[in-house]
Amino acid sequence: MRDDILWELQADKVKDYLRRSQRLDGRALTDYRPFTLQLDFSKNAHGSCRVQLGKTDVIVGVKMDVAEPYPDTPDEGSITVGAEFTPLASPVFEPGPPDQNATELARVVDRCIRESKALDFKKLVIEEGSKVWFVFIDIYVANDCGNLFDASSLGALGALLNTKVPKLEDGKVVKGEYAGRLEVSKMPLLTTFAKIENSIVLDPALDEEKAMDARLSIGTTEERLISAMQKGLGGSFKQAEIEQCIDIAFEKSEELRDGLRKALKG
Amino acid sequence: MNSRLVIPGELVTEKRMKLGPHVFVEKGKIYSDTLGLVKMERGVVRVVPLQGKYMPKANDVVVGIVVAEEYSFYIIDINSFYYSFLPKEEIKLPLKKGSIVSAKIARVNEINEVSLSNIRVLHGGEIIPIAPTRVPRVIGKNASMLKLLQHGTKCAIIVGMNGWVWAKGREENIRLLKKALQKIERESHLSNLTLKIQKMLSSKEADKV
Amino acid sequence: MADEEYRRVDGRKVDELRPIKIIPSVLSRAEGSAYIEWGQNKALAAVFGPREALPQHIQNPTKALVNYVYRMATFSVPDRKSPKPGRREIEISKVSGEALEKAIFVERFPNTTIDIYVHIFDSNAGTRCAALTAASVALADAGIPMRDLVAACAVGRANGKIILDPCKDEEDASDAVDMPLAIMPRTKEVVLLQMDGLISKEDWKKAFEFGLKGCLEVYEIQKRALKHRYEALARTEQKAIKAVDKQLMDAAESLER
């Protein structure tokens, strides 16, 4: 048994503050924590990005590989998202294969990107029916201080925008040589809310996560479309609350996109 | 007072001195076993660690949190190597997960397991974690610093030797206490700390109760 | 060509390390941590404990267990690696933990485990040495009592030359020898030693001397990183404290009123 008892004790305080519409760290209810992005973190990856959102620290890498297409979509490549909550990230994470939480995170990030059509899977075909690109997106959580969803989706998008397509010769990858950038036509991102009693906050920090009854992640694009949604935990949301969250997600995700655009330029 | 910063395995002195905590001798020379500051006083050399876990000692007062309840005992986290067990017969009222207690360490066996005594249940308030290595400074000589903090912030305070400080008081006073603790943690290697904090909380304030 | 004039594929001298940067205390949730860049290699190390060893049957009543877990990210190597730990990672974890066990005062913490996790995010030969070097700094950062740090560095042979800290191209030479080495710098006791390749005793001796020298240089970098971190902390906080002082005085005054 290993516990996070000090953080859990903070939960009551988080609730006290929220009853007065205040957050423990002084943020407004719909503020993101400050974040930094480091693109091209790993040279061996085809694309990579390290995200620090507050003290949460996530490293995402992309590898492209040649594979056979799925039988039902012979004219499409695909993406695969994996997530590992490394034991570096928290005293309560254990080494081992991904648990339910890591699997959920990976799948939600996957849907957010996949359904936005940011990647045109048809353009990932090398030889129809036999050879396509698979884009492996692997997420490593290095420090968990809350809201792994948004940090991971931001890292995944950053890594994709940074991805170089390997050069092919006779259908095989030539190591260290590239044929160009991966085409990413949109910027899908998750924005996550925590419901704590009757309050809803954006970008929950770890103490707020210990207090939250329910979680809602909304994947949005810059065209104000929704590409994925995921409600988590035992609590619930009302329709009006969800609608409000969608509007906030459209607006606040732009701050993350601006950060990405800046990082891409500089 | 400027003390020298040393890392594990670094030479502290080649002189012959009495050994205090966190130093060891090899081939007649004295080395540090930890990251810390060298102190030499009255022929005794020691290293004051800057990091590290609480090592339980008999008669220490610690602050603990109930993390689980079993049939006949509670499991208490005391911010050390292992959980401690508290038999239910030793307390009158039932506790639950998250309940805060203070206790005296009655015994520590050879494998650092502790038995708790003098249990006090602390109602309300909160835990402010500080580095266990800084606790002696938060208490001060003859508890001078602790008294100052209690008077200056009007908070009820129990300083656990394990680095957990329990405090209860008005919100703005707790905030002041947190700032003062932060200052002590950061400046714990400096001399005249009590005077500085006293100045901070103002001497007038300390006279009142 | 004489050693002095010889330049390696990346322009280094035979006994030259790649650039190394170490930053301690980078992960807030760990009890000790360190980030290392060693040439292209990038790794994060985190330390938890001593804490109760679980499940209980693995506990040792005479000492702490040193549980070292070395892992490589899928994208950290030229060909994507399976996310599952391979035999190589398991072996490296074992010998690296054993190397650190000698340095830690394990006998002071019976029944506990000291968990050391290192993840590699980019690589170009020598990751186990980079990992071990970072782990040792993370242990000091966690305040764990040690006899000494552990400094590591590989040495090898490529194209007929004994070379310090081989890079990937050199590791792939036809006559390649690779010998990861770790020592406790004060006593120069060897705590990790592996080797593969075929080498004469004379060449081995020369390689070993190179390795020792390399480890001592690595040690100086570790030491500087730790001192910089903790001395800088004391310095910058002196400044920050003055600002807090003002706030505290104001707060104390407002209490008075």
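Just above, that's the structure.
Being a predicted model, the structure only gives us computed values, none of them experimental.

A. Region of interest: the environment of A:Glu241. Residues and elements named next belong to chain A. Here Glu-241 shows up in helix H5 (residues 239-265). Since 16 C-beta atoms lie within 10 Å of it, Glu-241 is described here as partly exposed. Along the backbone, Glu-241 and Thr-103 are 138 residues apart, and their C-alpha atoms lie at a distance of 26 Å.

B. Up close: helix H2 (residues 100-116) of chain A. Residues and elements named next belong to chain A. In a regular helix each residue adds 1.5 Å, so 17 residues correspond to 24 Å; H2 covers 24 Å between its end C-alpha atoms and thus fits that length. Where H2 is buried, its residues touch strand E4 (78-85), strand E6 (131-143), helix H3 (148-161), strand E9 (189-196), strand E11 (214-220) and strand E12 (226-232). Downstream of H2 by one or two residues, Lys-117 has phi in the positive range, about 60°.

C. View of the sheet that holds strand E11 (residues 100-108) of chain B. All names here are of chain B. Pairing in this open sheet of five strands is antiparallel, and the strands run E10-E9-E8-E11-E12 from one edge to the other. The strands lining the two open edges of the sheet, one partner per strand, are strand E10 (84-87) and strand E12 (114-122). Averaged over all neighbouring strand pairs, the angle between strand axes comes to 45°, with direction disregarded. Taken together, the four bridges between strand E8 (residues 61-69) and strand E9 (residues 73-77) define a ladder with antiparallel strand orientation. Across the sheet, the residue bridging to Ala-68 is Ile-75, located in E9.

D. Local environment of the packing of H2(A) against H3(A). Residue and element names in this part refer to chain A. Interaxial distance between H2 and H3 falls to 10 Å at its minimum, and their mutual angle equals 50°. Taken together, the axis directions place H2 and H3 in an arrangement best described as oblique. The way H2 lies across H3 gives a crossing that is right-handed. Contacts from Leu-105, Val-108, Val-109, Cys-112 and Ile-113 of H2 reach H3 at Leu-148, Phe-149, Ser-152, Ser-153 and Ala-156. Each residue belonging to the contact of H2 with H3 can be placed in one class, and the counts come to eight nonpolar, two polar and no charged.

E. Region of interest: the interface of chain C and chain A. Contacts between the two partners involve 24 residues from chain C and, on the opposite side, 30 residues from chain A. Put simply, the parts of the chain that give the side of chain C that touches chain A at least two residues each are strand E3 (41-52) and strand E5 (112-122) of chain C. Looking at the side of chain C that touches chain A, its residues break down into 13 nonpolar, six polar and five charged.

F. View of the pairing of strand E6 (residues 36-41) of chain B. Residue and element names in this part refer to chain B. With two bridges joining them, strand E1 (residues 5-6) and E6 adopt antiparallel strand pairing. Note on E6: the bridge partner recorded for Leu-5 is Leu-37. In sequence, E6 turns back onto strand E7 (residues 44-49) through a hairpin of two residues, with Arg-42 there showing a positive phi of about 45°.

G. Layout of helix H1 (residues 87-103) of chain C. The terminal C-alpha atoms of H1(C) lie 25 Å apart, and with 17 residues this matches the ideal 24 Å at 1.5 Å per residue to within 8%. Next to the buried residues of H1(C) lie strand E4 (65-72), E5, helix H2 (127-141), strand E8 (177-184) and strand E9 (189-193) of chain C.

H. Region of interest: the pairing of strand E7 (residues 164-169) of chain A. Residues and elements named next belong to chain A. Sheet topology note: the E7/strand E8 (residues 172-181) ladder contains six bridges and is antiparallel. Bridging from a neighbouring strand, Pro-166 pairs with Tyr-178 of E8. The turn joining E7 and E8, which pair antiparallel and follow one another in sequence, is formed by two residues; a positive phi near 50° is taken by Asp-170.

I. Region of interest: the sheet that holds strand E13 (residues 126-129) of chain B. Residues and elements named next belong to chain B. Within the open sheet, the three strands sit side by side as E13-E15-E14. Their pairing is antiparallel. Bordering the open sheet on either side are E13 and strand E14 (156-159), each of which pairs with just one other strand. Taken pair by pair, the neighbouring strands of this sheet meet at an average axis angle of 25°, ignoring direction. Across four bridges, E14 lies against strand E15 (residues 164-168) in antiparallel orientation. Each bridged residue has a counterpart across the sheet, and for Ile-158 the counterpart in E15 is Trp-166.

What counts as what
Residues numbered from 1 in each chain as written. Chains lettered and ligands numbered in written order. Predicted model: local features only at pLDDT ≥ 70, side-chain atom pairs only at ≥ 80, totals over all residues. Helix = DSSP H or I, 4+ residues; strand = E, 2+ residues; numbered from the N terminus. Buried ≥ 20, exposed ≤ 12 C-beta atoms within 10 Å, placed from the backbone. Expected span 1.5 Å × (residues − 1). Contact = placed C-beta atoms within 7 Å. Pairing = 2+ DSSP bridges. Axes fitted to C-alpha atoms, helices over the stretch in contact; angles between N-to-C directions. Parallel < 35°, antiparallel > 145°, perpendicular 65-115°, else oblique. Left-handed = near helix turned anticlockwise from the far one by under 90°. Nonpolar A, V, L, I, M, F, W, Y, C, P; charged D, E, K, R; others polar.

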